[in-house]
Amino acid sequence: MATHLRKPNGGLQQNDEIAFAEVGLPALRRLAKRPRPRFSKVLLPVIALLSGLLLGLVLPELTNASSFWDYGKCIIAAVSATFTAYAVNRFALEKGAFQAAIGSPVAAIVSIFSVLLVGTGLFTATYAGFVREDTDRLRLQEFATAQSAWLERETRAANGTYSGNLILNAIMADLEKKVTCEAASSCVSGVGAGGEGSAFDKLSGALASARAIAAQVDTVTAARGNALQELGDLQASIHGALVDGSLSAAERRLQTEEIAQTSLAVLNRVQQSSPLALLASFAGRLKEYDGSRHEDQLLASYGAQLAAAVSETKDLDRSPPPAFPAPTGVADTLGYVLHFLPIALLILVIELILPMTLWLYTFVELRARLERQEQAQAAETSDRSDDHNDQDRAEPGTQRMRGFRSSFPQGQGPQS
């Protein structure tokens, strides 16, 4: 049979029909169009490829890769994760969802659990890689804030001697009056009519000691002020390092830890330069005057007042310094999910929600198809049953007619 050339639009040429057999050409046939693959079959490798690419981008950040072998291991891990995600999701859709649809609870549990397990693993690793550096910065900021509050409490405990200084100045002022009064009229001892006796010597000696202690306190206070200024500069430096965008994560962490250690050393200088020890020692010497004489009682009362002021400062709540945070890991990033909620939701949709949604849609489709098939089979069975009943009702008359015809000789009988 001759085959004719077709127009480009598919129709036969009516005027110039040329048989291919006459010119020696083989017959032409239009290629059959291949059916398009199902969307789920295309989407599964796309999801796995995206998951692998995202994981490959963040694995060097998670593992602190720095050498060729480190990056090679990251590539192998990403490729393996891609293959695993594709294989598990495909088996879950093609095998697990099918078996679950026809009534296998074990297949449903295994397929759902496998999809959730693989998706959760990919989500945690990818999310942690995206936010690890920012999470580390947040943890360092929290540490810096906690250390600043702790340093403030400690410096207040070491430097909160304003009440002690005020008491010391008040004692000095009162002693100057008492020494002058005692020399003029023995107003303190009540013995004699003035002069420089034993009471005068005790009061004037205590006054000289108080002035010497005050001078030492002023020197210590000046050194303490310099240390406090340095401590404040260090706290400003640690906050500056945390907001410096030119530093890498490792450099930022190293610089922050160095500043924190230096701050502790400066705080130790502040505590050592505190005048508390001087004031407490002077208060103890004054309290040793526990005699029955008026001047002894007066000096002992001075010591009690000064000791009370010093003890109030020493009894402040003291706590250990906050620990410097360890390097940020995957578990640490999960504690800041709310802070990075948009990124977490986006990765969760790609790694977990989309594969699980495909499984659910596949399961629902298979269940609906199964129900329609069962309904069609039930309707077909019902129709066959009805046809069989009709045949049974018509069968007695047919048998009688056959018996009636068989009673005649062959070739005779009633005409049909």
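Residues numbered from 1 in each chain as written. Predicted model: local features only at pLDDT ≥ 70, side-chain atom pairs only at ≥ 80, totals over all residues. Heavy atoms only, no water.

Peer 1: Before we go on, may I ask you to explain the packing of helix H6 (residues 198-242) against helix H8 (residues 276-287) in this structure?
Peer 2: Geometry of a packed helix pair, given as the angle between the helix axes and the separation of the axes. The N-to-C vectors of H6 and H8 enclose an angle of 170 degrees; their axes lie 10 Å apart at closest approach. Here H8 runs roughly antiparallel to H6, going by the angle between their axes. Contact with H6, carried on its side by Ala206, Ser209, Ala210, Ile213, Gln216, Val217 and Val220, involves Leu278, Leu279, Phe282, Arg285 and Leu286 of H8 and no other residues of that element. (Axes fitted to C-alpha atoms, helices over the stretch in contact; angles between N-to-C directions. Helix = DSSP H or I, 4+ residues; strand = E, 2+ residues; numbered from the N terminus. Parallel < 35°, antiparallel > 145°, perpendicular 65-115°, else oblique. Contact = heavy atoms within 4.5 Å.)

Peer 1: What am I meant to see in the pattern of salt bridges here?
Peer 2: Under the counting rule described, the total for this entry stands at nine salt bridges. One salt bridge connects Lys73 with Asp70, and the closest N-O pair in it is separated by 3.7 Å. Here the residue Lys73 and the residue Asp70 both occupy positions in helix H3 (residues 68-101), the gap between them amounting to three residues, near one helical turn. Judged by relative accessible area, which is 54%, Lys73 ranks as exposed. A salt bridge links Arg211 to Glu176; its shortest N-O distance comes to 3.0 Å. With Arg211 in helix H6 and Glu176 in helix H5 (residues 162-185), this pair connects stretches of sequence that are 35 residues apart. Its relative accessible area of 42% is what places Arg211 among the partly exposed residues. On the basis of relative accessible area, Glu176 is assigned to the partly exposed category, the value being 35%. (Salt bridge = Lys/Arg side-chain N within 4 Å of Asp/Glu carboxyl O. Buried < 20%, exposed > 50% of the residue type's maximum accessible area, 1.4 Å probe, protein only.)

Peer 1: Can you walk me through the side chain of Glu295 in this structure?
Peer 2: Turning to its location among the elements, Glu295 is positioned in helix H9 (residues 294-314). A relative accessible area of 3% places Glu295 in the buried class. The residues touching Glu295, leaving out its near neighbours within four places in the chain, are Val188, Ser189, Ala199, Lys202 and Leu203.

Peer 1: Looking at this structure, how should I read H8?
Peer 2: At 3.6 residues per turn, the α-helix brings residues three or four places apart onto the same side. Here H8 contains 12 residues, and its C-alpha end-to-end distance of 16 Å stays within 8% of the 16 Å for a straight helix at 1.5 Å per residue. Every buried residue of H8 is listed here: Leu276, Leu279, Phe282, Ala283 and Leu286. Taken end-on, H8 shows its buried residues confined to a sector of 135 degrees, consistent with a single buried face. (Expected span 1.5 Å × (residues − 1). Arc of directions from axis to C-beta.)

Peer 1: Can you walk me through unusual backbone geometry in this structure?
Peer 2: Where the residue is not glycine, phi is negative for most of them; where a peptide bond is considered, it is trans in most cases. Within the chain, Asn64 stands out as a residue other than glycine whose phi angle is a positive 55 degrees. You can see Asn64 is positioned in the loop between helix H2 (39-63) and H3. Look at Asn64 and you get partly exposed, because its relative accessible area is 49%.

Peer 1: What's the story with a nonpolar patch on the surface in this structure? I'm lost.
Peer 2: A surface patch of nonpolar side chains, amounting to about 420 Å² of accessible area, comprises Val42, Val46, Leu49, Leu50 and Leu53. If you trace the backbone, Leu49 turns up in helix H2. (Patch = residues over 30% accessible without salt bridge, like charges linked within 9 Å, V, L, I, M, F, W, Y side chains within 5 Å. Areas by Shrake-Rupley, 256 points an atom, 1.4 Å probe, with all protein chains shown as cover.)

Peer 1: I would appreciate a short explanation of the packing of aromatic side chains in the present structure.
Peer 2: Overall, the coordinates contain four aromatic pairs when judged by the stated rule. Consider the rings of Phe123 and Tyr127, whose centres lie 5.7 Å apart with planes at 15 degrees: the pair is stacked. Placement of both Phe123 and Tyr127 in helix H4 (residues 105-159) is noted, with a separation of four residues, approximately one turn of the helix. Each of the two residues, Phe123 as well as Tyr127, counts as buried. Note on Phe143 and Phe324: the rings are 5.0 Å apart at their centroids and 80 degrees apart in plane angle, and the pair reads as edge-to-face. One end of the pair, Phe143, is in helix H4; the other, Phe324, is in the loop between H9 and helix H10 (330-334), with 181 residues separating them in the sequence. (Phe/Tyr/Trp six-rings, centres within 6.5 Å; stacked < 30°, edge-to-face > 60°.)

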